[in-house]
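# Breakdown of the fold
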Amino acid sequence: MAGRKTTWASHGPDRAPLLPSRSPHRSPSSATTSPSASAFVYPTYLEMTTAVPLRSAYLGIDVGTGSARAGLFDEQGKLLGTASSPLQIWKDGDCIEQSSTDIWHAICAAVKSACSLANISGEEVIGIGFAATCSLVAVDADGAPVTVSWSGDARRNVIVWMDHRAVKQAEQINACNSPVLQYCGGALSPEQQPPKLLWVKENLQESWSMAFRWMDLSDWLSFRATGDDTRSLCTTVCKWTYLGHAHMEQSKEEDSRDMEACGWDDVFWDEIGLGDLFEGHHVKIGRSVAFPGHPLGSGLTPAAAKELGLIAGTPVGTSLIDAHAGGVGVIESMPPVESQANATQDSICHRMVLVCGTSTCHMAISQDKIFIPGVWGPYWSAMVPEYWLTEGGQSATGALLDHIVDNHVASPHIANRAASQGVSSYDLLNKTLEMMVEDSNAPFLSALTEDLHVLPDFHGNRSPIADPTSKGIICGLTLDASEKQLALLYLATVQGIAYGTRHIVEHCNSHGHKINTLLACGGLAKNPLYVQEHADIVGCPIILPRENESVLLGAAILGAVAAKKYTTLHNAMKTLNAAGQVIHPSKDPKVKKYHDAKYIVFRKLYEEQLSHRSIMATALK
């Protein structure tokens, strides 16, 4: 029985007999007439139990590019345990695919491991939330996978978020100049769903005919768990051109309910050649929507509960995209001093969250809608219900650093030395840079790269230029192939990424935002050099959360809201978010002057790329 512990001690008070030790049915002479007969009847004992109070835990599940992770949090937002399981991925040029079946199996393994590590039983998990990359899932009417791959492999039914096969389709859609595009920064990215859908229709007609549901990955996960295909305002608004503000006057978060999907612009879908998607009340792309954290269906289905090792009926909240879950998990992580000093209703609107992983998303919210060319949004209720979301981004950050380091000739030497010291390659590169400052005449660490400049657009520019064809540039290479030169290239790449963040922040502020504080989470936020360079270059303090796993916490908060522990998502955030370390910009004016100069070079690199592109286009006419 849940919550009760059986005690089987061979001696002592926990085995108190209920009957006298002598049997009332024993005759006085029986002991002597039968030597084998027992003189006593075994006494009957009660099963003594000790009540063990159940703990309450919120479960967050996050599916990233390379792994599925599960994390359990207590009612104060503290991490109890986490586990991960790797994911299979297929890459063929611009085509990057995964399997929803593989993803679900990885989730089940991660959840069971996390519960075991945290010593949490299924009965103690009282709410569940899913977050995932904004990848596109195709399934048929029975929920079976439908291939989205040239290979025809049915397992490969997920177009991964970073897949860029649909660049041409994005250009076609943007040429329509539909009014819905003003809520996407003026143009769709090939990473969003309409271009990917159009690509499938144009290239895989059989798959297009077979697919009954097209779903964002996090929505598919909640559907797989509950059988309820209600979509999140997060996924539909951010990646599908759904106009969430169509619900502004009809619903408040406190009155959480499924809402009929009235925000689809059928003219847009028809104009781009996908009008068949709104047949059957938009069943293929979403008939109903809800705020993030809204309880879905009747909670976990018995089948899903068995697979996850949990209890049927456990509440499951409407999902979030992984970056947006990071925003929910960190944006209220303000130190007490800052919280008291800035305790105004709109103080949350002066913050930007950097969710730093394979890519980086830049999340800021506002009470009024702010249109910013080249930056996604404004999206109503896509992260924090009833606020408008502005979403900038860089398509490759962690992935870019891995690319730069792993492909350098000195990388194996760095990796071997790091392994022998029990640290990561990045830890060793950071130490190398510190030693280089001591050995040189550089006034500060950042100045080591005065001759080395990086434009980090190796996977295009998502924001604020919104040019998916932009390319990366490295200016200042030599024949030096040493470990020290790799350290410099790594530092220059970190700086290039940080200059990209500065560009996004300045662009947002020039169009109406008033961002003065950054909050960072994700894997790159654990790298002190990465965080300090961002603080120095952007010129804002950076607050790190108490809990490293902010995306998992954001997903878990969805479960807390679904379980009705909080009336709104924002109230849950205020309770479960908590600040950790605060990183301040350097006070040395020379550091600011240096980065201001390098930022000018950074901006010129893209301008020069446009010039070079024009020269070559003219030559090929």
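Residues numbered from 1 in each chain as written. Predicted model: local features only at pLDDT ≥ 70, side-chain atom pairs only at ≥ 80, totals over all residues. Heavy atoms only, no water.

## Things to note about the overall build of the protein
Note the cut-off: In DSSP terms, a helix is any run of H or I states spanning at least four residues, a strand is any run of E spanning at least two, and both are numbered starting from the N terminus. Only protein chains enter the accessibility calculation, which uses a 1.4 Å probe; a residue whose area is less than 20% of its type maximum is buried, one above 50% is exposed, and one in between is partly exposed. Contact criterion: two residues are considered in contact whenever any of their non-hydrogen atoms come within 4.5 Å of each other. Residue burial considers only the protein chains on display, and all accessible areas are found by Shrake-Rupley using a 1.4 Å probe. In this charge count, Lys and Arg are treated as positive and Asp and Glu as negative; neither His nor the chain ends contribute. Lys charges are placed at NZ, Arg charges at CZ, Asp charges at CG and Glu charges at CD.
Helix and strand content of the protein: 20 helices and 24 strands. The principal-axis extent of the C-alpha atoms belonging to the protein is close to 120 × 65 × 55 Å. Sorting the 621 residues of the protein into buried and exposed places 55% on the buried side. When contacts within the protein are restricted to residue pairs at least 6 apart in sequence, long-range pairs at least 24 apart make up 73% of them. A total of about 26,000 Å² of accessible surface is found on the protein, and carbon and sulfur atoms cover 54% of it. Computing the positive centroid from 48 side-chain charges and the negative centroid from 64, the protein places the two 5 Å apart.

## Considering helix H14 (residues 411-421)
Stated formally: This arc is taken over the directions from the axis of the helix to the C-beta atoms.
Three or more residues of H14 are buried, namely Ser-411, Ile-414 and Ala-418. Buried residues of H14 fall within an arc of 65° about the axis and therefore sit on the same side. Exposed side chains of H14 directed beyond 90 degrees from the buried face belong to Asn-416, Ala-419 and Ser-420. On the buried face of H14, the contacting elements are helix H13 (398-406), helix H15 (425-439) and helix H16 (483-510). One or two steps after H14, the chain reaches Gly-422, where phi turns positive at roughly 70°.

## Describing the sheet that holds strand S23 (residues 542-545)
Condition: Here, strands pair whenever DSSP counts at least two bridges between them. Axis lines are fitted through C-alpha atoms, for helices just across the contact stretch, and the angle between N-to-C directions can take any value from 0 to 180 degrees.
What the seven strands build is an open sheet, ordered S18-S19-S17-S16-S22-S23-S24; its pairing is mixed. With one partner strand each, in any of the chains shown, strand S18 (376-380) and strand S24 (579-583) form the two edges of the open sheet. With strand direction ignored, the average angle separating the axes of adjacent strands in the sheet is 25°. Examined bridge by bridge, S23 and S24 share three bridges and lie antiparallel to one another. Across the sheet, residue Ile-543 finds its bridge partner in S24, namely Val-582.

## A closer look at the packing of aromatic side chains
Here is the rule: Between rings of Phe, Tyr and Trp, where Trp is taken as its six-membered ring, a pair exists when centres lie within 6.5 Å; planes separated by under 30 degrees are stacked, by over 60 edge-to-face, and by other angles tilted. Here, over-ring charges are defined by two tests on the NZ atom of lysine or the CZ atom of arginine: distance to the ring centre within 6 Å, and angle to the ring normal within 35 degrees.
Counted under the stated rule, the structure contains 14 aromatic pairs. Arranged with centres 5.5 Å apart and planes meeting at 70°, the rings of Phe-268 and Trp-269 form a pair that is edge-to-face. Each member of the pair, Phe-268 together with Trp-269, is buried. Linked through ring pairs, Tyr-242, Trp-264, Phe-268 and Trp-269 together constitute an aromatic cluster. The cationic tip of Arg-165 hangs over the ring face of Trp-199; the distance from NZ or CZ to the ring centre is 4.5 Å. Positioned over the ring face of Tyr-599 is Arg-502, at 4.2 Å from the centre of the ring.

## Focus on the sheet that holds strand S13 (residues 259-260)
If you trace the three strands from one edge of the open sheet to the other, you get S12-S14-S13, paired in mixed fashion. This sheet does not close on itself; its edge strands, each paired only once, are strand S12 (231-232) and S13. Of the pairings in the sheet, the one linking S13 to strand S14 (residues 288-290) comprises two bridges and is antiparallel in character. Bridged to Met-259 within S14 is Val-289.

## Regarding helix H11 (residues 322-330)
The buried fraction of H11 amounts to nine of the nine residues, a majority that puts the element mostly inside the structure. Among all positions of H11, only Asp-322, Ala-323, His-324, Ala-325, Gly-326, Gly-327, Val-328, Gly-329 and Val-330 are buried.

## What to know about the layout of surface pockets
Under the convention used in this document: In this analysis, the protein atoms alone were mapped onto a 1 Å grid. Cavities are point sets where a 1.4 Å probe fits without being able to get out; pockets are open sets with protein on both sides within 12 Å along at least five of seven lines; lining residues have an atom within 4 Å of a point. Grid points are joined across faces, edges and corners, and a volume is the space filled by probe spheres set on the points. Lys, Arg, Asp and Glu make up the charged group, whereas Ala, Val, Leu, Ile, Met, Phe, Trp, Tyr, Cys and Pro make up the nonpolar group; the residues left over, Gly among them, are polar.
A volume near 970 Å³ is recorded for the largest pocket. Lining the largest pocket are 43 residues, and of these Cys-356, Gly-357, Thr-358, Gly-522 and Gly-523 lie nearest its centre. In terms of residue count, H13 provides more of the lining of the largest pocket than any other element does, four residues in total. Each residue belonging to the lining of the largest pocket can be placed in one class, and the counts come to 14 nonpolar, 18 polar and eleven charged. By volume, the second largest pocket is sized at about 370 Å³. Looking at the second largest pocket, it is lined by 18 residues, and the ones nearest its centre are Lys-91, Met-162, Ala-396, Ala-399 and His-459. Residue composition of the lining of the second largest pocket, grouped by class: eight nonpolar, eight polar and two charged.

## As for the side chain of Gln-169
Just so we agree on the cut-off: N or O atoms within 3.5 Å of each other form a polar contact, as long as, within protein, one can give a hydrogen and the other can take it, and as long as residues adjacent in sequence are counted only when both atoms are side-chain atoms.
Note on placement: Gln-169 falls in helix H3 (residues 167-175). Looking at Gln-169, its side chain comes within polar contact range of the side chain of Glu-202, at 2.9 Å. With residues near it in sequence (within four places) discarded, Gln-169 still touches Pro-195, Leu-198, Trp-199, Glu-202 and Asn-203.

## Section: the UniProt feature "domain: Carbohydrate kinase FGGY C-terminal" (unreviewed entry) in the protein
Cut-off, in case you're wondering: UniProt positions are given in the numbering used here, feature names are shortened, and annotations may be inferred rather than shown by experiment.
Under the feature "domain: Carbohydrate kinase FGGY C-terminal" (unreviewed entry), the UniProt entry names residues 353-563. Annotated as residues 353-563, this span is 41% helix and 18% strand, and its ends, taken at the C-alpha atoms, are 26 Å apart.

## Details of the packing of helix H18 (residues 550-562) against helix H19 (residues 569-576)
Note the cut-off: Working definition: roughly parallel below 35 degrees, roughly antiparallel above 145 degrees, roughly perpendicular at 65 to 115 degrees, and oblique for all remaining angles. Each crossing is labelled by how the near helix is turned from the far one, with a counterclockwise turn of less than a right angle marking it left-handed and a clockwise turn marking it right-handed.
At their nearest, the axes of H18 and H19 sit 10 Å apart, and the two run at 125° to each other. The orientation of H18 relative to H19 falls into the category oblique. Crossing hand, H18 versus H19: right-handed. Within the contact between the two elements, H18 uses Leu-553, Ile-557, Leu-558, Ala-560 and Val-561 and H19 uses Leu-569, Ala-572, Met-573 and Leu-576. Considering only residue class, the contact of H18 with H19 consists of nine nonpolar, no polar and no charged.

## Observations concerning the environment of Ala-563
Relative to the elements of secondary structure, Ala-563 occurs in the loop between H18 and H19. On a C-alpha basis, the gap between Ala-563 and Ile-126 in space is 6.5 Å, while along the polypeptide they are 437 residues apart.

## Looking at the side chain of Glu-547
By the secondary structure assignment, Glu-547 is in the loop between S23 and H18. Once you skip the residues sitting within four places of it in the chain, Glu-547 turns out to touch Gly-77, Lys-78 and Leu-79.

## Observations regarding the environment of Gly-275
Structurally, Gly-275 can be placed in the loop between helix H8 (266-271) and helix H9 (279-282). On a C-alpha basis, the gap between Gly-275 and Val-505 in space is 37 Å, while along the polypeptide they are 230 residues apart. In contact with Gly-275, other than residues within four places in its own chain, are Trp-269 and Asp-270.

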